[in-house]
Amino acid sequence: MSKTYAYCQSCGMPLKSDPKSGGTEADGTISPKYCSYCYENGQFTGDFKSAKEMQTFCKQKLKEMGFNRFLAWFFTLNIPKLERWKK
């Protein structure tokens, strides 16, 4: 049985908020781990090399969506702890 995730293991977005219900694997099935913004056709989208780069990107997106600086910081705090970035 595969593990179910509440949050994208790349960016931390709640998977229930994903308009496409998740990213896609190479075979077209829905990924249980990643959102559609981060993962498509079995590959990561964007050219993020580190959790820090992903945090910076997500903070900017959250600010563009109207979140204040504190909330943008708070919502991206755990990105380095997500599976994609653990090494």
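Note: the structure precedes this text.
Since we're looking at a predicted model, the values are computed, not measured.

Engineer: Pulling in residues and values, what's your account of a nonpolar patch on the surface?
Structural biologist: Nonpolar side chains collect at one region of the surface, where Met65, Phe67, Phe70, Trp73, Phe74, Phe75 and Leu77 lie side by side and expose about 730 Å² of accessible area between them. Mapped onto the fold, phenylalanine 70 is located in helix α2 (residues 69-76). The class for phenylalanine 70 is exposed, based on a relative accessible area of 52%.

Engineer: Tell me about the environment of leucine 82, residues and numbers included.
Structural biologist: In this structure, leucine 82 sits in the segment after α2. Among the residues examined, leucine 82 registers a relative accessible area of 10% and is labelled buried. Between the alpha carbons of leucine 82 and cysteine 11 there is a distance of 7.9 Å; along the sequence they are 71 residues apart.

Engineer: An account of the packing of helix α1 (residues 51-64) against α2 is requested, with residue identities and associated values reported.
Structural biologist: In the contact formed by α1 and α2, the axes pass within 9 Å of each other and the chain directions differ by 140°. As judged from the angle between their axes, α1 and α2 are oblique. Here α1 runs over α2; the crossing is right-handed. Packed against α1, whose contacting residues are Gln55, Cys58, Lys59, Leu62 and Lys63, the element α2 presents Arg69, Ala72, Trp73, Phe75 and Thr76 at the interface.

Definitions and cut-offs
Residues numbered from 1 in each chain as written. Predicted model: local features only at pLDDT ≥ 70, side-chain atom pairs only at ≥ 80, totals over all residues. Heavy atoms only, no water. Patch = residues over 30% accessible without salt bridge, like charges linked within 9 Å, V, L, I, M, F, W, Y side chains within 5 Å. Areas by Shrake-Rupley, 256 points an atom, 1.4 Å probe, with all protein chains shown as cover. Salt bridge = Lys/Arg side-chain N within 4 Å of Asp/Glu carboxyl O. Helix = DSSP H or I, 4+ residues; strand = E, 2+ residues; numbered from the N terminus. Buried < 20%, exposed > 50% of the residue type's maximum accessible area, 1.4 Å probe, protein only. Axes fitted to C-alpha atoms, helices over the stretch in contact; angles between N-to-C directions. Parallel < 35°, antiparallel > 145°, perpendicular 65-115°, else oblique. Left-handed = near helix turned anticlockwise from the far one by under 90°. Contact = heavy atoms within 4.5 Å.

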